[in-house]
Amino acid sequence: MERIMVKTEEQIAAEQAWYGSEKVWLVHKDGFSLATMVKTEPGSLPEGKVKIRLEHDGTLLDVDEDDVEKANPPSYDRSEDLASLLYLNESSVMHSLRQRYGGNLIHTYAGANMVVINPLSTPSMYSEKVMHMFKGCRREDSAPHIYAVAQSAYRNLLTTRQDQSIVLLGKSGSGKTTNCQHLVQYLVSIAGSTGKIFSAEKWQAVYTILEAFGNSATAMNTNASRFSHIVSLDFDQAGQVASASIQTMLLEKLRVTRRPEAESTFNVFYYMMAGADSTLRTELHFNHFAENSAFGILPQSKPEDKQRSSQQFTKLQAAMKVLGVSGEEQKALWLILGAIYHLGAAGATKDTDEAGRRQFARHEWAQKAAYLLGCSLEELSSSIFKHQAKGLQHSTSFRGGPDEAGQGDSSGPKVTALECLEAMASGLYSELFTLVISLINRALKSSQHSLCSLLIVDTPGFQNPRMAQRRRGATFEELCHNYTQERLQTLFHERTFVQELERYKEENIELALDDIESSTSLSVAAIDQASTQALVRTLARTDEARGLLWLMEEEAVQPGGSEETLLERLFNYYGPAQGENKGPSLLLKGEKPHLFLLGHSHGTDWVEYDAQGWLNHAKHNPAAQNAATLLQDSQKKNISGLFMGRAGGATVLSGSIAGLEGGSQLALRRATSMRKTFTTGMAAVKKKSLCIQIKLQVDALIDTVRRSRVHFVHCLLPKAEAVGGGGEPRVAHGESPDSGLMTLDVSLLRAQLRGSKLLDALRIYRQGYPDHMVFSEFRRRFDVLVPHLTKKHGRHYIVTDEKRAVEELLESLELEKSSYHMGLSRVFFRAGTLPRLEEQRDVQTRRNITLFQAACRGYLARQAFKKRKIQDLAIRCIQKNIKKNRGVKGWPWWKLFTTVRPLIEVQLTEEQIRGKDEEIQQLKQKLEKVEKERNELRLNTDRLESRITELSSELADERNTGESASQLLETETSERLRLEKDMKDLQAKFDSMKKQMESMEMEVMEARLIRASELNGEMDDDDTGGEWRLKYERAIREIEFTKKRLQQEFDDKLEVEQQNKRQLDRRISDLQADNEESQRNAQQLKKKCQRLTAELQDTKLHLESQQSRNHDLEKKQRKFDSEQSAAQEEVQRERSQREKLAREKDMLTGEVFSLRQQLEDKDLEMCAVNLKLEQLEAELQDLNSQESKDEASLAKVRKQLRDMEAKVKDQEEELDEQAGTIQMLEQAKLRLEMEMERLRHTHSKEIESKDDEVEEIRQSCSKKLKQMEVQLEEEYDEKQKVLKERRELEAKLLSAQDEVRHGDIETEKRLRKDLKRTKALLADAQIMLDHMKNNAPSKREIAQLKNQLEESEFTCAAAVKARKSMEVEIEDLHVQMEDISKAKQALEEQLSRLQREKNDLQSRMEEDQEDLNELMKKHKSAVAQSAQNLAQISDLQAQLEETMKEKQEIQEKMQALQSQLEFQEQSMVEKSLVSRQEAKIRELETKLEFEKTQVKRLESLVARLKENLEKLTEERDQRSSSENREKEQNKRLQRQIRDVKEEMGELAKKEAEASRKKHELEMDIESLEAANQSLQADLKLAFKRIGDLQAAIEDEMESDDNEDLINSLQDMVTKYQKRKNRTQGDSDTDSEVEDRVDGVKSWLSKNKGSTKNLSDDGSLKSSSPPGRRRFCFDRSDEEEEEEEKEEGGASQGSYRSRYKYSSYLKDSNSEDKPSETST
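In this report, we go over the structure that sits alongside the text. Quick caveat, the model's predicted, so the values are computed rather than measured.

Let us look at helix α22 (residues 690-706). Compared with the 24 Å implied by 1.5 Å per residue over 17 residues, the 25 Å span of α22 between its first and last C-alpha is a close match. For α22, the buried fraction is high: 14 of the 17 residues fall into the buried class.

Dropping the structure here:
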């Protein structure tokens, strides 16, 4: 997870000062310098200039904006990842690299890649301790190191089970091979292997051998690799190294015989010459070395070099022993190397002898070479020099091979004897190197099953002799190595840019990036571009562009082919003069004829090549091919045995790729893939070509790497002087490097950065989404972070929509929205987001594993406890049996049983053991047999699989060869047929043209003869001949005059054309200058735009990082708030517990005090008892002394004594119990005090820690709060607008409330009137009550009435509660209705206002639309008019052109006429014709002037129309912009109207619901009023009868027979109550009836007998309906008025009209007790 470092105030102040000063980098030719931007007034500097102040001397400078780049704060000087820089530019990157390099930090992350600057010394950062520091770490948790790259690749291999590869890029001498060794050592040491068969010592031995046989000292590097190789590590299921192999290619084998000046051959020759012991020297004939050698292999002259070489040879022999190379095999290697040396010492003759033979110059050294190779001198000489007289043959056919060497064209150039000797030596060394690779792979081979591979690619770096101050041109081998690096750079560009952008396009992800420059395809195409006719065998040179390798192959087989024609064709195709090439040319001519310049690394590294003798590389030499045969047929068994064993296997692919052997399945797969590269399509035809083999080898390398996930390591060279100029060795191990070694060459570093396109890669890494994962994989991997989703859906939930599930998962993870992007099939993440999720997943996984371990341990502990219980039970059982055995062991029968029982089982047991032993022996034999068969089958299977693989590869080769042959045959056949057809057509045309030419020649001859005869005949026939002679002379003069005139016209026209040409040239030059200036300006603007875009993107990324940081801080703040609330709750809980404990302590203290009091009381009682006991004892003594007392009194005293002793014992026991209780309470008190002290201490610590955390969070949040204040100020303005709208709404609400309050005042007045009327009725009822009290019959009846009154009050109280609840509900409904009505009114007003605004806008839009339509009509008419005018103009221009043509014709005619006129004047012609012609000329001139004036008028008309058209277009644009604004405003208002309509709909629903409830209540009221009216009519009729009977009842009240009358009245009252319950009525006019009923009831209650009936009937308790209640309260008038006011304020409108009668009844019965209630 990203670490959030807390900065000090000093650091924050320093950063603020940095940002305030605006530091920049000034870029210049020597590097870059830190400066400060100086603010100037606008207009004081020219455009594009800025003023800066240099930091080192304070100089003020005016510089271009393009030369200034923003600088990062000092905290980024040693940033571990260049992608994390605040401002990403070239100077900032170089500054960070320079700062890190100065601090001996040579590794730096560059996004997904690694940058390593070669320290030119051996730092102590590659130890085994450092290896273990990186073991198991993620890339984000580790510092930049080459081990981190290896660990990242290894971790991805284990996680994804996908092949990985690490590619090292860089110049020669930048440390690629060293880093490759570190990578292999780390992987082997950390991953390990089964049985430790791949140890670091073994790999060190491998690289010792490779450095000896494949490295040499060059001008660029003192120990440069001269071959490319791939190290393949195969891993098994457990992540251990199962097998390994090495494949090599592009060996620079000609270095054995020929190399540039001041460079050496391979190291092994010097090691062997200096380190061989005496026995080996004797065997190799090294006792005396030759003074000179044709190959330049001479022993070293310096003693220290000899000593170093001797030590290296000893180390080489030890390495071979480690790899299992036997002594005989080593001896074979030394013999071949010695033979190569002796061949160089033998040399070859420069010229052939008289017999035309080629031979050795020194036969004695050749004899030594033949002896070492195990052959005779004649065999060696024939292998080298035989069949060379006919020249060399180049295998252009797919069947061309070594057996066709003698069938070449005899006209080819003859090779010298030295070239043949060099070919043999290079062939021998190539076979030797292939053998060494086979021996290494034999030591690394394993038959274990492997799952996936990790490849490490190491190639020679970029070679440029100019960097080493060499004046020579680069060789063909250096071109091949540079070509390999270019192809790897192209792979980097493809993986970094092309594939990423294509993936974004496929997933519909829009990413704003600058134009990514093309890859290095231009320089690569100049080397290897193939022709479409590559499969056609033709000797003709075609015009189709192809690369240098293909041109070399063609020129090698051409009869007149040479390096000059090769370069000429190459420049025709790719030179700067070729117009078809797009983009800048990367191929330039050199100063000398054979030199040319090729721009590598996007044109940042120009290498000058010398093409002299390059065609020899494209020619086959049979001597090189005879080397393998010579070694296989050697008489020395150790040599022939090694090479005969290799002859049957396919270890070398077409003489180019070595090391294809291997026992693992992955090795066979790689070998098959590489063979397929050489056997498909064009490769099957051209695989024998030496030049095309180079391309095919690189293709095989790239295809192998492309199938895996690639990790790139860019190795940079710090400075050119330290490369190895002068051949000086590097700093040896353990020596302290010079202080100057840690400096950087900024220009060289800048060129390397530009060539590698690291800045573009960093930019796309920062702005893009480098990490991505498929939806299903992401969900399966990270659903552990959100366990609540798993609980929600269940463990076996099947996901139907992966994208929706991932979105839900991401929302639960609370990631920043800008940190990820959802594609179509996968989710993409910004850099650093996925590693944070991985870390969270690891933390959660560790927590889950910990919980699982705890559960497992608990389960195991419970099982162990159960086992212990069983063991305890068993022990008890055994003990019980032992006890029983002790009881029966003396029995005779038991002794007999124990003696006989073993004897019975002995025989059976021995037989069983014997049978089991026999079965075991049989099974062992069977197992051994099966194991033997299994091993044999396994060996047979491996052998058959390898054979099948070889046969399948051979079959595939043959099949591909056949297909290529058939394709070639078809193309050649079609080409031959086409050429034959073309030839027939051309032959027919040639014949017809020949015939026509012969006929025309005959006609010409006949015409000439006829004319000559006619002239001769005329001359003879004419005697005088005067007339014809004059005609003839006149014709001759006319011809001469015409010739002169035509010559003069031609000269005049030529002069005019030359003037026009000069003008055009000047104009073209001016236009070219303008064009170049515009291009420069455009380039500058483009650079400025790119710079500004980069700064904008950097600022945007910085903003996103700040937003993500704020998001993380908010998450932490929320987490802290939750923790703080939990802590506060914990504190509160602890405080409550503390208070509880304090109360318990007080209680316990009180109990202790009481118990102590009781104890003191008991002690006093004990003292009293003791005193009493003493008294009794004294009395007893007295009684004893008095013998005269009787026994009865003695017994009585004794009984009293026993009773007293018993009491004493009871009291003592009780005291003991009290003391124990006191002690327990004291212990509990002490324990509680200790617990309270511990809790207080813990709580204080927690409070302190929480306070610290709060302080830290407060400090961290203070900055955030400052940032949020700005946002709050912006939001404040919006809030003011909202408050203004709110105040408007409140004003409307207050007006509505005033209206409502006015209605409330009227209602209150009406209620007061009702109250007064009710009080009057209440006073009347009080008078009646007083009268009834005066007429009260007796106390008993009053008591009965009081009881009834209490019961009625109880029921009345219940009814009052029910009534109040109903009133509260009704009031709530009423308030809701009022709110709804108010909201409705407000929304209606807002809707109407919005509707008005909408109508206004629509009307304005309609007006604008009408104006726009009119404008469009005008525009269309103007466009039509302009089109017509343009058509007229074009017509007039055509007419003008015609008139100009006519003018020219007229002028020509005039000139002809003038000439004729002159001639006629000389010939006395009439002047009338001349005058007519002059008149005609004048007429034409006037016509021409009229046409000119017409043209001028039309041009002015066109200009005026163009101005009108521009004005109309401007008006149209303004109208369209205003229309767009109106549309946007209309859309916004429509959205507001839609929202208001939705709110209106909701309010309408609420209003409808309230109106429905209101309607229901009104219906209930109407029904009740109708029932009440009917009931009142019945009551009036009934009470008339009651009034008549009441007088009679009063007279006869004391009589005995009034019971029937009371019963009849009671029945009448009961019927009234039932009828009233049925009707459920209520009215204002029934008060009188009610009063009468109450009077009857009160009168009936006076009678004794009626009490029982009334109580039994129960009508007085529950007779009133639920919709109507009557009450009587003993309250004052003031309380009643307050209650009325409260009810009046709470109830409004229709509610008051409905419940007015209830309040009236309540007020009217305020003095009376309730007699009717309803539940």
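Reading across from one edge, β4-β3-β2-β1-β5 is the order of the five strands in this open sheet, with antiparallel pairing throughout. A strand with exactly one partner marks an edge of an open sheet, and here the two such strands are β4 (60-64) and β5 (68-70). Mean inter-strand twist for the sheet, computed between neighbouring axes without regard to direction, equals 50 degrees.

Before going further, it helps to examine a nonpolar patch on the surface. On the surface, a nonpolar cluster with roughly 460 Å² of combined accessible area is contributed by W893, L896, V900 and I904. Of note, W893 is situated in helix α29 (residues 892-1021).

In this structure, strand β3 (residues 49-54) lies alongside β4, joined through five bridges in antiparallel fashion. The partner of R53 across the bridge, within β4, is L60. Counting the residues between successive antiparallel strands, the hairpin from β3 to β4 contains five residues, one of them, G58, with a positive phi of roughly 75 degrees.

Let us look at the packing of helix α9 (residues 303-322) against helix α10 (residues 327-346). In contact at an axis separation of 10 Å, α9 and α10 are set at 135 degrees when each is read in the N-to-C sense. Between α9 and α10, the interaxial angle falls into the category oblique. At the point where α9 passes α10, the crossing takes the right-handed sense. Taking contact as the criterion, the partners of F313, L316, Q317, M320 and K321 in α9 are, on α10, Q330, L333 and W334. Per-class residue counts for the contact of α9 with α10 are five nonpolar, two polar and one charged.

Residue placement: S92 occurs in helix α2 (residues 90-102). Judged by relative accessible area, which is 2%, S92 ranks as buried. Placed 68 residues apart in sequence, S92 and V24 show a C-alpha to C-alpha distance of 9.5 Å. The contacts of S92, once residues within four sequence positions are left out, are W25, K70, A71, N72, L85 and Y87. Polar contacts involving the side chain of S92 include one to the side chain of W25, which spans 3.4 Å.

Quick look at the pattern of salt bridges now. Per the stated rule, a full pass over the model turns up 37 salt bridges. In this structure, the salt-bridge partner of R934 is E931, at a minimum N-O distance of 3.8 Å. Of this pair, R934 and E931 both sit in helix α29, three residues apart, roughly one helical turn. Look at R934 and you get partly exposed, because its relative accessible area is 43%. Two residues, E1165 and K1162, come together in a salt bridge whose shortest N-O distance is 3.8 Å.

For the rest of this paragraph, the subject is the nonpolar core. In terms of nonpolar packing, the biggest core is built from 144 residues, with W203, F213 and W334 touching the most fellow members. When residues of this core are assigned to their parent elements, the largest contribution, 17 residues, is made by helix α13 (residues 417-444). The contacts of W203, once residues within four sequence positions are left out, are V184, V188, F198, V231, L233, A244, I246 and L444.

Turning to a positive patch on the surface, a few remarks are in order. Among the surface-exposed residues, K1531, R1532, R1535 and R1538 lie close enough to one another that they form a single positively charged patch. Here R1532 falls in the partly exposed class, since its relative accessible area comes to 40%.

Attention now goes to the sheet that holds strand β16 (residues 605-610). In spatial order, the strands read β14-β15-β16; together these three strands make up an open sheet with antiparallel pairing. Each edge of the open sheet carries a strand with a single partner, namely β14 (587-589) and β16. Within this sheet the neighbouring strands show an average axis-to-axis angle of 25 degrees, counted without direction. Pairing analysis gives six bridges linking strand β15 (residues 595-600) to β16, with the strands arranged antiparallel. Paired with F596 across the strands is Y609, a residue of β16. Contacting β15 and β16, helix α14 (residues 476-506) crosses the sheet at an angle of about 150 degrees to β16. Sheet contacts for helix α17 (residues 563-574): β14 and β15; angle to β14, the most-contacted strand, approximately 135 degrees.

Along the polypeptide, V130 turns up in helix α3 (residues 128-134). Remark: the alpha-carbon pair of V130 and Y186, spanning 56 residues in sequence, is separated by 9.7 Å. Leaving out residues up to four positions away in the same chain, V130 has contacts with M125, H145 and Y147.

With respect to the helices and strands, L549 occurs in helix α16 (residues 548-557). Overall, L549 belongs to the buried group, its relative accessible area being 2%. Taking C-alpha positions, L549 is 8.8 Å from A530, a pair spaced 19 residues apart along the chain. Setting aside chain neighbours within four positions, we find L549 in contact with F476, I527, D528, C691, I692 and K695.

Now for α16. In terms of burial, α16 is largely enclosed, as nine of its ten residues are buried. Those residues of α16 not exposed but buried are L548, L549, W550, L551, M552, E553, E554, E555 and A556.

Close contact between α16 and α22 brings their axes to 8 Å; oriented N to C, the two are set at 160 degrees. The angle between α16 and α22 places the two elements in the roughly antiparallel class. The two elements α16 and α22 meet at a crossing, and its hand is left-handed. Every residue of α22 that contacts α16 at L549, W550, M552 and E553 is listed here: C691, I692 and K695. A breakdown of the residues in the contact of α16 with α22 according to their chemical character gives five nonpolar, no polar and two charged.

Turning to the state of the cysteines, a few remarks are in order. Counted according to the given criterion, the structure contains zero disulfides. The cysteine C480 is free of any disulfide, with C691 supplying the nearest cysteine sulfur at 8.1 Å. We classify C480 as buried; its relative accessible area is 9%. Counting only cysteine sulfurs, C180 is the nearest neighbor of C715, a cysteine outside any disulfide, at a range of 10.0 Å. Residue C715 is classed as buried on the basis of its relative accessible area of 1%.

Here we take up the pairing of strand β1 (residues 23-28). Bridge count between β1 and strand β2 (residues 31-38): six bridges; the pairing is antiparallel. Looking at β2, one finds that L26 is bridged to S33. As consecutive antiparallel partners, β1 and β2 are separated by two residues. Looking at chain direction, β1 and β5 are connected through three bridges and run antiparallel. The residue bridging W25 from the neighbouring strand is E69, located in β5.

Mapped onto the elements, H711 comes out in strand β19 (residues 709-716). A polar side-chain atom of H711 sits 2.8 Å from a polar atom in the side chain of Q164. Once you skip the residues sitting within four places of it in the chain, H711 turns out to touch V149, S152, A153, N156, Q164, S165, I166 and V167.

With that settled, consider a negative patch on the surface. A cluster of acidic residues, E1123, E1248, D1251, D1252, E1253 and E1256, forms a negative patch at the surface. Examining the composition of the negative patch, we find that five residues originate from one element, helix α31 (residues 1191-1334), more than from any other. Counting through the fold element by element, E1253 comes out in helix α31. For E1253, a relative accessible area of 31% puts it in the partly exposed group.

Conventions we followed
Residues numbered from 1 in each chain as written. Predicted model: local features only at pLDDT ≥ 70, side-chain atom pairs only at ≥ 80, totals over all residues. Heavy atoms only, no water. Helix = DSSP H or I, 4+ residues; strand = E, 2+ residues; numbered from the N terminus. Expected span 1.5 Å × (residues − 1). Buried < 20%, exposed > 50% of the residue type's maximum accessible area, 1.4 Å probe, protein only. Pairing = 2+ DSSP bridges. Axes fitted to C-alpha atoms, helices over the stretch in contact; angles between N-to-C directions. Patch = residues over 30% accessible without salt bridge, like charges linked within 9 Å, V, L, I, M, F, W, Y side chains within 5 Å. Areas by Shrake-Rupley, 256 points an atom, 1.4 Å probe, with all protein chains shown as cover. Salt bridge = Lys/Arg side-chain N within 4 Å of Asp/Glu carboxyl O. Parallel < 35°, antiparallel > 145°, perpendicular 65-115°, else oblique. Left-handed = near helix turned anticlockwise from the far one by under 90°. Contact = heavy atoms within 4.5 Å. Nonpolar A, V, L, I, M, F, W, Y, C, P; charged D, E, K, R; others polar. Polar contact = N/O pair within 3.5 Å; in protein donor to acceptor, adjacent residues only side chain to side chain. Core = buried A, V, L, I, M, F, W, Y, C linked by side-chain atoms within 4.5 Å. Lys, Arg positive; Asp, Glu negative; His and termini not counted. Charge placed at Lys NZ, Arg CZ, Asp CG, Glu CD. Disulfide = S-S within 2.5 Å.

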